[in-house]
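Overview (structure and organization)
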Amino acid sequence: MATPVMEKNGSAPEPGFADSPYITVTFRVRRFNPEVAAEATWEDFQLEIDPKERVLDALHKIKWDLDGSLTFRRSCAHGICGSDAMRINGKNRLACKTLIKDLSPEKPITVEPIKGLTVLKDLVVDMEPFFQAYRDVMPFLITKDTNEPTRERLQTAEDRERFDDTTKCILCAACTSSCPVFWNDGQYFGPAAIVNAHRFIFDSRDEAGEQRLEILNDRDGVWRCRTTFNCTDACPRGIEVTKAIAEVKRALITRRF
Amino acid sequence: MSTTESPASGIGPVEGASLYSADNPAPLIEAPRARTKKTPKSTRGNFEMVAWLFMRLSGVVLVVLVLGHLLIQLVLDGGVSKIGFAFVAGRWASPFWQVWDLLMLWLAMLHGANGLRTVINDYAERPNTRLWLKGLLYTATVFTILLGTLVIFTFDPNIR
């Protein structure tokens, strides 16, 4: 193998190695096991870890070396699949995109499951209500002609640009589970569903924008948004979520008057 | 290798003979918005949109009405010490101030009540709490609006 590989073993570096990158970090993880206790508890793990590593690496270290029962979701581990959204130091982030050095590691780093969804075990939550809201806005292209198209559906660069921001969503639920309105009863559609509706409402090729707007005109639709901007802060893809919601509101109002 | 040996998966072969025909169609994919009987009925209608819009519009009007009201009552012409029965009677002799105060009363009460309604919706956890809080809110709002309107229209400066 031609690729140089940095030698890194999980334990503390050899003594005398003055400029060691390793520091001791405490991870305070919210543990919940319904087969053991009805209540969730905090558990501390001390790790020797390079602060340039990510929170996900620390969780891997805990799971592989310290406590194999720690449960969390992750798939690609590179910020694309959106399965490892969690509440780190009180803020929703992707564990695979959060570097330890950015979290003031001299203090314990708290890791919790995202709020507003039922916790199944440790950091794993039931995502079904989230995906139900997503399915409700019909996140797929709808056209009125039932015939199979004979050519590509063309679109100008400007028309594509109109909804470019909302195509970035990876459905990690960081926004929806940071929304205080969603925390209350979970009936609110949530920012993620509205973002994905926005992606089709403002797509010039799609013809069911009216239907989607009607769905979001629901009592638990866009009007429950209180513009607290939690979703915009939480989005790991930097989508301007609150702006997208405001654009849907404006579309609903201008459609009527 | 025959492609017809794995029909259980429900997925047709990518190439070769199809598993399905007109007489034997592929299973339907369940509609994405299918919901159970337990799902609460969707409450579409424009009420929430009108309420949202009303908050914005009444807010803008109230800024003018309330700031103007405070300026006249508390700052101009000797400030708060001038206010008395005679001052109010003098103001309400003019239809302009009657309309100003009536508009302020209605807009402020409806704006505040709608704001509290959303707060109750967001924070009350049990349906019963929600019902009672909203009942109290609506009663208080209707009472205040009716009483205020009655006073503005039936005000008699010659009372003793």
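Residues numbered from 1 in each chain as written. Chains lettered and ligands numbered in written order. Predicted model: local features only at pLDDT ≥ 70, side-chain atom pairs only at ≥ 80, totals over all residues.

**Remarks on the overall build of chain B**
This is how the line gets drawn: Numbering of helices and strands runs from the N terminus; a helix is a DSSP stretch of H or I covering at least four residues, while a strand is a stretch of E covering at least two. With C-beta atoms placed from the backbone, the exposure class of a residue follows from how many other C-beta atoms lie within 10 Å of its own: 20 or more, buried; 12 or fewer, exposed; in between, partly exposed. By the convention adopted here, residues make contact when the C-beta atoms placed from their backbones lie within 7 Å.
Summing up its helical and strand segments, chain B has four helices and zero strands in all. Along its sequence from the N terminus, chain B presents helices and strands in the succession α-α-α-α. Across the 160 residues in chain B, those meeting the buried criterion constitute 1%. The long-range share in chain B, meaning contacts at least 24 apart out of those at least 6 apart in sequence, stands at 57%.

**Notes on the nonpolar core**
Residues and elements named next belong to chain A. Definition in use: One nonpolar core equals one set of buried Ala, Val, Leu, Ile, Met, Phe, Trp, Tyr and Cys residues connected by C-beta atoms within 7 Å. Just so you know, the domain bounds were taken from an automatic or database domain assignment.
Membership of the largest hydrophobic core comes to 64 residues, with the highest contact counts inside it found for Phe 27, Ala 173, Ala 192, Ile 194, Leu 216 and Val 248. Here the element with the most residues in this core is helix α5 (residues 191–201); it accounts for seven residues. Composition of this core by domain shows at least three residues from each of domain 1 (23–125) and domain 2 (128–144 + 158–256). If near-sequence neighbours (up to four positions away) are discounted, Ala 173 is found in contact with Ala 85, Ile 114, Met 127, Phe 130 and Ala 192.

**A few points about the UniProt feature "transmembrane region" (unreviewed entry) in chain B**
Residue and element names in this part refer to chain B. Going by this rule: UniProt positions are given in the numbering used here, feature names are shortened, and annotations may be inferred rather than shown by experiment.
In the numbering used here, UniProt assigns the feature "transmembrane region" (unreviewed entry) to residues 50–76, 96–116 and 136–155. Span residues 50–76 is 96% helix and 0% strand, its end C-alpha atoms 37 Å apart. Overall, residues 96–116 shows 100% helix and 0% strand. The separation of its end C-alpha atoms is 30 Å.

**So, the sheet that holds strand β4 (residues 91–94) of chain A**
All names here are of chain A. We apply this condition: Two strands make a pair as long as DSSP finds a minimum of two bridges between them. Every axis in this analysis is a line fitted to C-alpha atoms, fitted for helices over the stretch in contact. Angles between the N-to-C directions lie between 0 and 180 degrees.
Strand order in this open sheet of five strands is β2-β1-β5-β3-β4, and the pairing throughout is mixed. Looking at which strands have only one partner, the edges of the open sheet turn out to be β2 (41–49) and β4. On average, each strand axis in the sheet is tilted by 35° relative to the strand beside it, whichever way the strands run.

**Describing the environment of Gly115(B)**
Residues and elements named next belong to chain B. You can see Gly 115 is positioned in helix α3 (residues 95–123). By the C-beta count within 10 Å, which is 13 here, Gly 115 ends up partly exposed. As for Gly 115 and Met 55, which are separated by 60 residues in sequence, their C-alpha atoms are 8.0 Å apart.

**So, the domain arrangement of chain A**
Residues and elements named next belong to chain A. Heads up, the condition is: Only Asp, Glu, Lys and Arg are considered charged, only Ala, Val, Leu, Ile, Met, Phe, Trp, Tyr, Cys and Pro nonpolar, and every remaining residue, Gly among them, polar.
As far as domains go, chain A holds domain 1 (23–125) and domain 2 (128–144 + 158–256). Between the C-alpha centres of domain 1 and domain 2 the distance comes to 28 Å. Taken together, the contact pairs 14 residues of domain 1 with 14 residues of domain 2. At four residues, the largest contribution of residues to the side of domain 1 that touches domain 2 is made by β4. Class assignment for the residues of the side of domain 1 that touches domain 2 results in six nonpolar, four polar and four charged.

**Some words on unusual backbone geometry**
Both trends apply: most residues other than glycine have a negative phi, and most peptide bonds are in trans. All names here are of chain A. Here Ala 173, not a glycine, exhibits a phi torsion of approximately 75°, which is positive. On the secondary structure map, Ala 173 appears in the loop between α3 (157–162) and α4 (180–185). Ala 173 sits in the buried class, given 26 other C-beta atoms within 10 Å. With a phi close to 65°, Phe 229 is a non-glycine residue in the positive phi region. Secondary-structure assignment places Phe 229 in the loop between α6 (209–216) and α7 (230–234).

**What about helix α2 (residues 128–136) of chain A?**
All names here are of chain A. Note the following rule: Comment: arc refers to directions from the helix axis out to C-beta atoms.
What α2 keeps buried is the set Phe 130, Ala 133, Tyr 134 and Asp 136. Buried residues of α2 fall within an arc of 160° about the axis and therefore sit on the same side. Those residues of α2 hidden inside the fold are in contact with α5 and α6.

**Description of the environment of Arg153(A)**
Along the chain, Arg153(A) turns up in the loop between α2 and α3. On the basis of neighbour count, Arg153(A) is assigned to the exposed category, with 11 C-beta atoms found within 10 Å.

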